[in-house]
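What the coordinates show
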Amino acid sequence: MRIGLGILSVLAAVGTAHADAPDDPRAAQAVDIFANLCVTTVAGVDTTPIRNGDYFITELEPDLARELLGGRTNHTLRSITGLSSGAMMLMHYEPSGMCVTQVGEADEAAMLARFRAVVDRTALALHVDAEAQPIKRRKLEGLDTTYSSWRLKSPKGDIMLAITTYPEPRFRIQHMMTVSYVR
């Protein structure tokens, strides 16, 4: 009984930890697709089921993918649109085993809060702690970009979940989420 109550209290804390963050449907759909496609594939845990009708996903032509990825080859790049929110995303897997989802535009605070909830759910599903890494900031056009990451020591190896955010949609890609195994 004590274990059951402990799990319920953890789930309640995860669900309410970021209740004060603004709600942005673009952030919701972007983080949900990241969790469903990237976290599920790399970490092997299903934390955020989605419905196929919620997104339009298409694979981009290799020449366009190479151009958008700075000349890198051997990458499958998918364009993803959240149908209810209009969120625009690009998603690809790096040969090193990293999955990346880039988000065109969404509220920064909402992205961070929803991403942190995915970190918490992933840690809970793997029965491990999420160890926050030092936040890194750097200036870009006078505004701070923020890199936040968490390390999860899983039985299969350490997993890094990270998000880079920018406060304003000045670029084609405002936010980037990654998940990968690390040494």
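Residues numbered from 1 in each chain as written. Predicted model: local features only at pLDDT ≥ 70, side-chain atom pairs only at ≥ 80, totals over all residues. Heavy atoms only, no water.

Some remarks on the overall build of the chain
Scanning the chain from terminus to terminus reveals 4 helices and 9 strands. Looking at the chain residue by residue over its 183 residues, the buried ones come to 43%. Roughly 10,100 Å² of accessible area belongs to the chain as shown, and the carbon and sulfur atoms make up 54% of that amount. (Helix = DSSP H or I, 4+ residues; strand = E, 2+ residues; numbered from the N terminus. Buried < 20%, exposed > 50% of the residue type's maximum accessible area, 1.4 Å probe, protein only. Areas by Shrake-Rupley, 256 points an atom, 1.4 Å probe, with all protein chains shown as cover.)

Structural notes on the state of the cysteines
Scanning the model with the defined rule gives 1 disulfide in all. Each sulfur in the disulfide pair Cys 38 and Cys 99 lies 1.9 Å from the other. On the sign convention where negative is left-handed, the bridge of Cys 38 and Cys 99, at about -50 degrees about the S-S bond, is left-handed. Here Cys 38 is found in helix H2 (residues 25–43), whereas its partner Cys 99 is found in strand S4 (residues 99–103), with 61 residues between them in sequence. Considered together, Cys 38 and Cys 99 belong to a single accessibility category, that of buried residues. (Disulfide = S-S within 2.5 Å.)

Comments concerning the pairing of strand S6 (residues 136–140)
The buried fraction of S6 amounts to 0 of the 5 residues, a small share that puts the element mostly on the outside. Hairpin connection, S6 to strand S7 (residues 143–154): the antiparallel pair is bridged by 2 residues, and Glu 141 has positive phi, about 50 degrees. (Pairing = 2+ DSSP bridges.)

Observations concerning unusual backbone geometry
Note on backbone geometry: most residues besides glycine have negative phi, and most peptide bonds are trans. Backbone geometry at His 127 places phi at a positive 60 degrees, although glycine is not the residue there. Looking at His 127, the relative accessible area reads 74%, which means it is exposed.

Structural notes on the nonpolar core
General note: in soluble globular proteins, nonpolar side chains tend to be found buried as a group. Met 111, Leu 152, Met 177 and Val 179 are the most contacted members of the largest nonpolar core, which has 34 residues in total. Looking at which element gives the most residues to this core, the answer is H2, with 10 residues. Val 179 has contacts with Phe 34, Cys 38, Val 39, Val 42, Gly 97, Met 98, Cys 99, Ile 159, Met 160 and Leu 161, leaving out every residue within four places of it along the chain. The next biggest cluster of nonpolar side chains, apart from the first, holds 5 residues, and it includes Ala 65, Leu 69, Leu 77 and Leu 90. (Core = buried A, V, L, I, M, F, W, Y, C linked by side-chain atoms within 4.5 Å. Contact = heavy atoms within 4.5 Å.)

Considering the confidence of the model for the chain
Fine structural detail should not be taken from predicted coordinates in areas where pLDDT scores are low. On average, the chain scores 83 in pLDDT, and the residues at 70 or more come to 85%. The low-confidence segment residues 1–18 (pLDDT under 50) makes 9 contacts with residues lying over four places distant or belonging to another chain. (pLDDT = per-residue confidence, 0-100.)

Here we look at H2
The end-to-end C-alpha distance of H2, which contains 19 residues, comes to 25 Å, matching closely the 27 Å that a straight helix rising 1.5 Å per residue would cover. The largest bend in H2 amounts to roughly 30 degrees and is located at Ala 35. A positive phi of about 75 degrees marks Gly 44, the residue just after H2. (Expected span 1.5 Å × (residues − 1). Bend = angle between axes of the 7 residues up to and from the residue.)

Re the pairing of S4
When a strand is regular, its side chains alternate between the sheet's two faces. Of all 5 residues in S4, 5 are buried, a share of seventy percent or more. Residues Cys 99, Thr 101 and Val 103 point to one face of S4 and Val 100 and Gln 102 to the other, with burial holding for every one of them. With 5 bridges connecting them, strand S3 (residues 88–93) and S4 associate as antiparallel partners. Looking across to S4, one finds that Met 89 is bridged to Val 103. The hairpin turn running from S3 into S4, its antiparallel successor, is 5 residues long, and Gly 97 in that turn takes a positive phi close to 100 degrees. For S4 and strand S9 (residues 175–182), the ladder comprises 5 bridges, and the chain directions are antiparallel. Residue Cys 99 lies in a different strand from S9, and its bridge partner there is Val 179.

Description of the side chain of Ser 180
With respect to the helices, strands and loops of the structure, Ser 180 is situated in strand S9. Other than its neighbours up to four places away in sequence, Ser 180 contacts Val 42, Gly 97, Met 98, Asp 158, Ile 159 and Met 160.

Quick word on the environment of Phe 115
Relative to the helices and strands, Phe 115 resides in helix H4 (residues 108–126). Note: C-alpha distance between Phe 115 and Met 177 (62 residues apart in sequence) is 8.3 Å. Apart from residues no more than four positions distant in its own chain, Phe 115 is found in contact with Val 31, Phe 34, Trp 150, Leu 161, Ala 162, Ile 163, Met 177 and Thr 178.

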